[in-house]
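Here is how the chains run, residue by residue.
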Amino acid sequence: MADARISMYLPPDINPTQAAIAYGCRALPKLNEELQSEDLVTRQKALMALCGLMHDPEHVYMAIHIGCLENLKALLKDTNDMVRIKTTEVLYIMATHNVGRVGFLEHDVIRALSFLLNDPQSLCRENLHLAFKHLAQLPTGAQGIVSSGLIPSLVWKLQREEEGVQELLLDTLAACLMEDATEALASRAVPFLKEKLLSANSNIRSKAAGTLIAISIPLEGKNQVWKHDVIPILVHLLRDKVAEVQANVAGALMNATVTTEGKYAALNAEAIHPLLQLLCSSLSKARLNAIKALTMLAEAPEGRKLLQAHVPTFRALEKDTSAAVKQAAQIAIKVIEWKP
Amino acid sequence: VASALTDRASPAMATYTYTSRPRALPCQRRRYRDNLMQPAEEPVRYGNIMYDRRVIRGNTYALQAEPPPGQPDPAEIQRRQQAKRRALAKRRAQEQLRPRTPEPVEGRKHVDVQTELYLEEIADRIIEVDMECQTDAFLDRPPTPLFIPAKTGKDVATQILEGELFDFDLEVKPMLEVLVGKTIEQSLLEVMEEEELASLQASQYAFEELRNVELAEVQRLEEQERRHREEKERRKQQQWQVVHKHHETAEKIAARAFAQRYLADLLPSVFDSLRDGGYFYDPVERDIEIGFLPWLMNEVDKTMEYSIVGRTVLDMLIREVVEKRLSLYEPKEDRQSPPKPEDGLGGPGGVRDSLVDYAFQDHGASPAQRPLPDRDSPPRAPHDGRSVEGVSSQEGRPMEEEDEQTRKFLGREELFQ
């Protein structure tokens, strides 16, 4: 049988770009020390190793526990590009886990990251925005981003960044605006979003519409949306080819037509027909939003008149597969058939 | 009893061989058998070779020619003697035949002489020479030559054929499992992480959808509520205004009716009250009232004033005289001590009187200075009435005043002191 011969040589270094990861519980403390070293190569190798380790949430917890975040914050200000890119990547991976997000909020990483908003390296900024996006999925994270005053700069960045990063920015903004939209409204977000609605990229259109949904939740947002004449554009986009865009636009309309001015603006822009067509869409979100938007419009007497002819469509939708759609259809019928 | 094996091939060799298996010898206990019918049924008793007489013990070389204790064989003895004689004779003969050196000549002796090249000293003492040998102390020891032991044993060769040492497929299986397993595990982890993220995103998407819809619904309901409420408010307001107007109208009607009734007997009462108020007057009477009577009163007033003025002047004269007298009498009166309490009363009374005097005097002076404004406004009439009063009261008093003058300057004394 083959015998176990112990070789005299160390095992070959498969990946010289990565630092050697110590065994067991020594891995993270050792990497933490290496992060503080003076030598550039050591730091870079430690960062690469850390990238690999951070996919495991237990390691993320350990890392935060031993205070890796302080070193990472210091490394964000490093002069070397590679170090910054890798640090932002590590932070982004940590932000995909809830432990990481909570740690970010406790250690005030948002402020440290915000210094890199104008970084010359595009990868760095992309990772940064990915980190923000994941952080914003958590309500307290979104609150943290809002309270650190980053919203105006993010809105401003919307104009200047490239497309991929714009999508991330729109996602982040959508999540943050669900929490608190006042700052965004103050920094002219609605005109920017109006421009983005006309972009060529369908992803950007759908995400811009999603952000509009969020921004038109508070009353001020609805008023601004009406004032900037976004509603006709939204109605026009209801005929867009991409289902996701249609769904989000219907959602934005649903929120914007709560106010009376919004309702009449939408009715003037002939919103009812495209919305009726959207009722047969394949995406349940589109159907749901369309039903809700039509319900809003049915509150107005003119809308009610027009929609009374289409009550059978709603009855058919009552047998839809999704429970939410059924309920929405019932409510819509109730509203349409209401007599004062 | 062991069987004796004889060599069957012996007649050609003419040797005798006897072999037997080693056996223990039985000892003879009984010389005579008890009964013939018992060959060997009872256990055979073996004798111990150590205690057997037949075995020769001790040293055997001293016993070689031991004659037997019985009579020796005479033939044997003779043969031996003859052998001895023959041997002896042979020896003698051989001795004689051997060449010897001849006997020395007379007077000489044989001496041993050495004829070799080098003479040897022949002595009993053996010549000994001590020789010693020592290796050089500092000579390097050459390396031990490689000890290759002599090859011993047999040479054996072996050849390992395919599949004899180990089965590759079996052996490599665990290693491959580990390698491939680890790789797949890592990739599965990554894929699972992505899947997890994707499923989280999907559930979040669904949640967001529902949440947005619910939120919109809530807002719509709020809006609806608000509108209905406002509508209700407006209607209520309208209704209230209607009711209010209704009330007002009713009140107005009621007020109108009441006013009409109230004012029905207004005219007569108006006339009555006017008449009572004296608005319907007899012009002559009025004229007399307005014109004549005030003039008359003014004239009366004037006349009275004249008389008052006269009296005042008189009073002034009297006063001056009295004062002069007083200033003359004052130093004398200083000595008079007791202030009487009535004087105290009289003092302030005197002050008041003097004030009244002054007012009276002023009053008296002013009508004298003023031209007669008596016919003027009716407000003056009560004033004059009062002054008439004052005059009339003062008329009663001047008598008292003159009586009091003496008491007065006593009072003034106190004041001045």
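Each value, and the rule that gives it
Residues numbered from 1 in each chain as written. Chains lettered and ligands numbered in written order. Predicted model: local features only at pLDDT ≥ 70, side-chain atom pairs only at ≥ 80, totals over all residues. Heavy atoms only, no water. UniProt positions renumbered as here; feature names shortened; annotations may be inferred. Helix = DSSP H or I, 4+ residues; strand = E, 2+ residues; numbered from the N terminus. Buried < 20%, exposed > 50% of the residue type's maximum accessible area, 1.4 Å probe, protein only. Contact = heavy atoms within 4.5 Å. Areas by Shrake-Rupley, 256 points an atom, 1.4 Å probe, with all protein chains shown as cover. Core = buried A, V, L, I, M, F, W, Y, C linked by side-chain atoms within 4.5 Å. Buried area = accessible area lost by both parts, 1.4 Å probe. Salt bridge = Lys/Arg side-chain N within 4 Å of Asp/Glu carboxyl O. Polar contact = N/O pair within 3.5 Å; in protein donor to acceptor, adjacent residues only side chain to side chain. Patch = residues over 30% accessible without salt bridge, like charges linked within 9 Å, V, L, I, M, F, W, Y side chains within 5 Å.

In the nomenclature of an unreviewed UniProt entry, chain B is known as Radial spoke head 3 of Sus scrofa. Regarding chain B, the relevant UniProt record gives this comment under Sequence similarities (unreviewed entry): "Belongs to the flagellar radial spoke RSP3 family."

Identification of chain A as Radial spoke head 14 homolog from Sus scrofa is taken from an unreviewed UniProt entry.

Asks: Requested: an account of the overall build of chain A, with residues and values cited.
Replies: Summing up its helical and strand segments, chain A has 23 helices and zero strands in all. By residue count, 54% of the 340 residues in chain A fall in the buried class. Long-range pairs, those at least 24 residues apart, make up 69% of the contacts in chain A with a sequence separation of at least 6. With an accessible surface of roughly 15,300 Å², chain A has 56% of that area assigned to carbon and sulfur atoms.

Asks: If you had to explain the overall build of chain B to someone new, which residues and values would you point to?
Replies: Per the secondary structure count, chain B includes eight helices and two strands. From first element to last, N terminus to C terminus, chain B shows the α and β order β-α-β-α-α-α-α-α-α-α. For chain B, the proportion of its 417 residues judged to be buried stands at 11%. Across chain B, contacts joining residues at least 24 apart in sequence account for 54% of those joining residues at least 6 apart. Within the structure as shown, chain B displays about 38,700 Å² of accessible surface, and the carbon and sulfur contribution to it stands at 58%.

Asks: Let's hear about the nonpolar core: which residues, and what values?
Replies: Counting 119 residues, the largest nonpolar core has A:M94 and A:I215 as the members making the most contacts within it. What A:I215 contacts, discounting residues up to four positions off in sequence, is A:L177, A:A181, A:A184, A:L185, A:A189, A:V190, A:L193 and A:G221.

Asks: Before we move on, can you summarise the interface of chain A and chain B with the specific residues and values?
Replies: Of the residues lining the interface, 33 residues belong to chain A; the matching set on chain B comes to 24 residues. Contact between chain A and chain B buries roughly 2,400 Å² in total, counting both sides, with carbon and sulfur atoms accounting for 55%. Connecting chain A to chain B are three salt bridges. Between A:E299 and B:R220 there is a salt bridge whose closest N-O contact spans 2.4 Å. Summed over the shared surface of chain A and chain B, the result is ten residue pairs in polar contact (both at pLDDT 80 or more). Those elements giving two or more residues to the side of chain A that touches chain B turn out to be α8 (122-136), α17 (243-256), α18 (260-268), α20 (284-299) and α23 (323-336) of chain A.

Asks: I'd like a rundown of unusual backbone geometry, residues and numbers included.
Replies: Residue and element names in this part refer to chain A. Notably, D108 is not glycine yet its phi reads approximately 60°, a positive angle. Take D108: it is sitting in the loop between α6 (98-107) and α7 (109-114). Its relative accessible area of 34% is what places D108 among the partly exposed residues.

Asks: I'd like a rundown of a nonpolar patch on the surface, residues and numbers included.
Replies: Residues and elements named next belong to chain B. Taken together, the side chains of V284, I288, F292, L293, W295, L296 and V300 define a hydrophobic patch exposed on the protein surface, amounting to about 590 Å² of accessible area. Mapped onto the secondary structure, F292 falls in helix α5 (residues 283-333). Overall, F292 belongs to the partly exposed group, its relative accessible area being 45%.

Asks: So, the pattern of salt bridges: which residues are in play, and what are the values?
Replies: Residues and elements named next belong to chain B. Inspection of the entire model under this criterion finds 26 salt bridges over all chains. Notably, a salt bridge pairs E217 with R220, separated by 2.7 Å at the nearest N-O pair. Placement of the pair is E217 and R220 together in helix α3 (residues 168-264), with a separation of three residues, close to one helical turn. Exposure remark for E217: the relative accessible area of 10% places this residue in the buried category. A relative accessible area of 2% places R220 in the buried class. The partner of E231 in a salt bridge is R234, and the shortest N-O contact between them spans 3.0 Å. Of this pair, E231 and R234 both sit in helix α3, three residues apart, which is roughly one turn of that helix. Using a relative accessible area of 31% as the deciding quantity, one classes E231 as partly exposed.

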